[in-house]
Amino acid sequence: MHLTTYIYDVLRTITFKLRLTNQDCKTILDTMRAYSEAFSISAKWGIENQSWNKVDNHNATYKLTRQSIPDLPSSLVQGARDCACEALKAVKCETLPERKPLSAMRYNQRVITVNLVYGLATIASTKGRIKATFFVPSHYRDYLSWIIKSSTISYDRKGKMFYLHVSLEQNDPEKVANLEVLGIDRGIVNIAVCSDNRFFNSKRIKNRRARYAYLRKELQSKGTRSAKRKLKRLSGRERRFVTDVNHCISKQIVNSEYTVFALEDLSKIRVQKRRGKEFDRKLNSWSFYQLEQFVGYKAEALGKHVLLVDARYTSQKCSNCGHIYKGNRDGSAFRCRKCGFELHADLNASRNIAQAGISCLSRLSCQHAKCDTTSS
Ligand SMILES: [Zn+2]
């Protein structure tokens, strides 16, 4: 089993609502405007000189920026320059990168201090350091051992609120390796099957799906304009139903005692097109992706993690002995030709997914341990 991508594993971003005095709010808004001004000086130089090199940009613009915006702390000038250079690089210097005056500001650790124990931050601004407080939910306590890599401050115009986004890196390889992993297999008959023997399906869902399929077929065969209209309405209703089901299932999965949830990386699979099954295929891949999204953000809210693992052979491989053979699976039955192991096919797949998640975690912690020894 080979891991291709992972999300929310050793790098995480957590967000807090900042509590600030009215005066300090105004100061941060002023700082954001000044930051954008510094950004546009660097962006303009980059376009004129067709370069996204940070050092060249610094040498050419730093003095000018400090003179025209003297209140902006020099670290923020540098932050704005880095952002401008990254934006220039992204468009290959073809168009002038623009920044809205109140876009988020990136802070490096020299210009902001974030204390996750007391929920305190001191933030550099055009009027010196500003103190802000924020509430740290108890389940964020796990992050106290993590290392803060960078912080971003954003402003929500509608709610007139400032948000602090803190990027963290896991610093405990052993902790990473010892996390409990739950494998989740997504399917059509069973919407989700988990490696802890839980099946997510119900008669209600089955009946409803069958009814939608029947109605769809009826309307499709008519082919009139009004039938097409009805068909459109039907697919909207079906989508809302699937969304509801996915919300419900993801909630139950994430609220289990597991801290890591492994799913197949479906972006790597090419689904076979079958005639007449086009709608089913579309709805299914959309529904699979939605379930992944829901598990992802619900897990994140609880400080848990999601891993995406390589999807190859998960249904053909024996979760008992590792033997891979296409004929091992027959519909919903799995029977290993080598060791004779028998299990529900979806459950067997979910156990393979969990296995892939575990080997991915141990690989990550190995890489991490190596990094640590070379840097010290
Ligand atoms: Zn076997």
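The preceding data block contains the structure.
Residues numbered from 1 in each chain as written. Predicted model: local features only at pLDDT ≥ 70, side-chain atom pairs only at ≥ 80, totals over all residues. Heavy atoms only, no water.

(A) Highlighting the coordination of the zinc ion. Distances from the zinc ion to its protein donors, namely Cys318 (SG), Cys321 (SG), Cys336 (SG) and Cys339 (SG), fall within the range 2.3 Å. Every donor counted, the 4 donor atoms about the zinc ion form angles of 107 to 112° at the centre, which fits tetrahedral coordination. Sequence spacing among the residues donating to the zinc ion works out to C-x2-C-x14-C-x2-C. Taken together, the positions of Cys318 in the loop between β12 (305-309) and β13 (329-330) and Cys339 in the loop between β14 (333-335) and β15 (342-344) put the pair 21 residues apart, joining distant regions of the chain. (Donors = N, O, S within 2.8 Å, 3.2 Å for Na, K, Ca; no water. Tetrahedral: all angles 85-135°; square planar, octahedral: opposite > 155°, others 65-115°. Helix = DSSP H or I, 4+ residues; strand = E, 2+ residues; numbered from the N terminus.)

(B) Looking closely at a positive patch on the surface. Together, Arg204, Arg208, Arg211, Lys222, Arg225, Lys228, Arg229, Lys230, Arg233, Arg237 and Arg240 give the surface a local cluster of positive charge. Elements with a contribution of two residues or more to the positive patch: α5 (203-222) and α6 (225-254). Per-element tally for the positive patch: the top contributor is α6, with 7 residues. Here Lys222 shows up in helix α5. Under the relative-accessibility criterion, Lys222 is labelled exposed at 60%. (Patch = residues over 30% accessible without salt bridge, like charges linked within 9 Å, V, L, I, M, F, W, Y side chains within 5 Å. Areas by Shrake-Rupley, 256 points an atom, 1.4 Å probe, with all protein chains shown as cover. Salt bridge = Lys/Arg side-chain N within 4 Å of Asp/Glu carboxyl O. Lys, Arg positive; Asp, Glu negative; His and termini not counted. Charge placed at Lys NZ, Arg CZ, Asp CG, Glu CD. Buried < 20%, exposed > 50% of the residue type's maximum accessible area, 1.4 Å probe, protein only.)

(C) Focus on the sheet that holds strand β6 (residues 147-156). Across the sheet, 4 strands lie side by side as β1-β7-β6-β2; this open sheet has antiparallel pairing. The sheet is open, and its two borders are formed by β1 (11-17) and β2 (105-107), each paired with just one other strand. Sheet twist, expressed as the average angle between the axes of neighbouring strands with direction ignored, equals 20°. Pairing of β6 with strand β7 (residues 161-169) involves 9 bridges; the strand directions are antiparallel. In the strand pairing of β7, Ile147 is matched with Glu169. (Pairing = 2+ DSSP bridges. Axes fitted to C-alpha atoms, helices over the stretch in contact; angles between N-to-C directions.)

(D) Spotlight on the sheet that holds strand β5 (residues 128-133). Ordered by their spatial adjacency, 3 strands build an open sheet running β3-β4-β5, and the pairing between neighbours is antiparallel. Where the open sheet ends on each side, the last strands, each with one partner, are β3 (112-115) and β5. Here the strands of the sheet are splayed against their neighbours by 20° on average, with no regard to which way each runs. Across 6 bridges, the pairing between strand β4 (residues 120-125) and β5 is antiparallel. Within the sheet, the bridge partner assigned to Ser125 lies in β5 and is Gly128.

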